[in-house]
Structure formats: structure tokens, C-alpha cells
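Chain and residue survey
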Amino acid sequence: MISEEDVNKRIAEMGAQISEDYAGKEIHLIAILKGSVFFACELAKRITIPVTIDFMSVSSYGNSRESSGIVKIAKDLDEPILDKEVLVVEDIIDSGKTLNHLKPMLESRNPASLHLCTLLSKPDRREVEVPVRYIGFEVPDEFVVGYGLDYAQKYRNLPYIGVAEEE
Ligand SMILES: O=P(O)(O)OC[C@H]1O[C@H](OP(=O)(O)OP(=O)(O)O)[C@H](O)[C@@H]1O
Ligand code: HPA
Ligand SMILES: [Mg+2]
């Protein structure tokens, strides 16, 4: 669906935009495991202001193509986010349930600011609205894999975005 070249080009643009928007500040990236790790690493490399990074593990899809609706926190952040400029990094926003659950939880820890950044967004599937500051690509309603996105834990390592065909 999206070639390796196009993904990497877009991530470089996003990194430049974020560096400009947060000029003079430090940015604290929160990557949501596991899907966003590939994107978060590429993005961090393209940000030219000081960057720190932390990880949180939540999962609602398990091995299926549909969100269970239950957002399970398997690992919390290592560091407090009080007074930090926080950017939550996701690989995809689909129903919106994951971020809808996470955003108020993180905001209650009083960061200086908190915005969302996602490589992909699937607007046709949205069940709850979440305000997203940075979106790499809007994609149609197909189950996508690659660049961190899995189907039953596989295909995360593809360097491009593809579509998982129905069996
Ligand atoms: O907008 P939503 O419908 O909530 O879907 C988006 C979330 O689902 C995926 O995670 P998943 O639960 O599959 O965990 P994973 O990152 O470990 O694959 C993806 O990485 C997002 O975190
Ligand atoms: O399209 C998708 N692909 C992989 N994981 C996902 N999690 C939510 N939507 C998707
Ligand atoms: Mg997944």
C-alpha cells in the first residue's frame, strides 16, 4: 500500500515538522509497544531537538483483526512525565479506543503538554474521536501490516506498509 521510500520520506517530514513546532524545547516521546517501536525509532532519528524516549505496553487486539475494546496495560512508563512536553507515538489509530483510554490517564500525570502522533490513521473505522496532531498517512479500511504493524504478531518487520489478505 505504501512503499518503503514513501514511508521513510514522510517520517523525515514529520520529524522536521515536530522539530520546528517544539523548537527551543525538549521532547519526550512515549512509544506504545509493540507496534509503534519501528516508527518511533525512525521518527526520533529525524528530530533535531533533544529527545528522550519511554515505552508503555498496551494491547487490545490480541491475535485478532478486531479490537477487544479492553485496553490492557502490560507495562507502565519508567519515568514520570510531570512538566514534560510529551508526544505519544502510535503506529496506527483505528477505532481510537487505545488512545481514548490512554490520553486522560497520561494527562492526569500533569505533563507540560501532551499531543498524539501516528504513522497511520484509519478514519473510516473511528468509534471514538481522538484529536491527533501529527498523522503520517490516512489509510482505507483494510487490515494493514508492516512497519511495526502485525497480524497475529507477524509481518512487523516488513519495511513497507502492506495489506493482510483474508484467508
Ligand atoms: O485505535 P485502536 O482501534 O485502539 O487500534 C490501534 C492500536 O492497536 C494496535 O495495537 P495492538 O493492540 O494490536 O498491540 P501491538 O501494538 O502490540 O500490536 C496499534 O498498535 C494501536 O496501539
Ligand atoms: O490495520 C491494522 N493492522 C494491524 N494492527 C492494527 N491494529 C489496529 N488496526 C490495525
Ligand atoms: Mg497488534
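Residues numbered from 1 in each chain as written. Chains lettered and ligands numbered in written order. Predicted model: local features only at pLDDT ≥ 70, side-chain atom pairs only at ≥ 80, totals over all residues.

Below, the discussion takes up the overall build of the protein. Scanning the protein from terminus to terminus reveals three helices and eight strands. In the protein, the succession of helices and strands from N to C terminus is α-β-α-β-β-β-α-β-β-β-β. Reported as C-alpha extents along the three principal axes, the dimensions of the protein are approximately 50 × 35 × 25 Å. For the protein, the residues scored as buried account for 29% of the 167 residues in total. Across the protein, every contact between residues at least 6 apart in sequence was considered, and the portion connecting residues at least 24 apart equals 65%. (Helix = DSSP H or I, 4+ residues; strand = E, 2+ residues; numbered from the N terminus. Buried ≥ 20, exposed ≤ 12 C-beta atoms within 10 Å, placed from the backbone. Contact = placed C-beta atoms within 7 Å.)

Below, the discussion takes up the site of ligand 1. Around ligand 1 lies a shell of 18 residues, among which G35, Y61, D94, S95 and T98 are the nearest. Residue contributions to the shell around ligand 1 peak at four residues, all from strand 4 (residues 85-93). Of the residues in the shell around ligand 1, the class split is five nonpolar, seven polar and six charged. (Near = placed C-beta within 6 Å. Nonpolar A, V, L, I, M, F, W, Y, C, P; charged D, E, K, R; others polar.)

Pairing is mixed across the open sheet formed by six strands, whose spatial order is 3-2-1-4-5-6. The sheet is open, and its two borders are formed by strand 3 (72-75) and strand 6 (134-138), each paired with just one other strand. Taken over all neighbouring pairs, the strand axes of this sheet differ in orientation by 30 degrees on average, direction set aside. Set on the sheet, helix 1 (residues 4-21) makes contact with strand 1 (27-33), strand 4 and strand 6; between it and strand 6 the angle comes to about 160 degrees. Running at roughly 170 degrees to strand 4, helix 3 (residues 97-107) makes contact with strand 2 (51-59), strand 4 and strand 5 (113-121) of the sheet. (Pairing = 2+ DSSP bridges. Axes fitted to C-alpha atoms, helices over the stretch in contact; angles between N-to-C directions.)

Glancing now at the pairing of strand 2. One ladder, built from seven bridges, connects strand 1 with strand 2; its direction is parallel. Looking at the pairing, L29 lines up with I53 of strand 2. Regarding topology, helix 2 (residues 37-45) serves as the crossover connection from strand 1 to the parallel strand 2, and that connection is right-handed. Here strand 2 runs beside strand 3; their pairing, made up of three bridges, is antiparallel. Paired with S57 across the bridge in strand 3 is K75. (Right-handed = clockwise from strand over helix to strand, strands pointing away.)

Once that is clear, we can look at helix 1. The end-to-end C-alpha separation of helix 1 is 26 Å, in line with the 26 Å expected for 18 residues at 1.5 Å each. Buried within helix 1 we find V7, I11, M14, G15 and I18. Relative to the axis of helix 1, the buried residues are bounded by an arc of 105 degrees and lie together on one face. Turned more than 90 degrees away from the buried face of helix 1, the exposed residues are E5, K9 and E20. Contacts made by the buried residues of helix 1 are with strand 1, helix 2, strand 4 and strand 6. (Expected span 1.5 Å × (residues − 1). Arc of directions from axis to C-beta.)

With 99% of its residues at a pLDDT of 70 or more, the protein has an overall mean of 94. Complex prediction metrics read pTM 0.94 and ipTM 0.97. (pLDDT = per-residue confidence, 0-100.)

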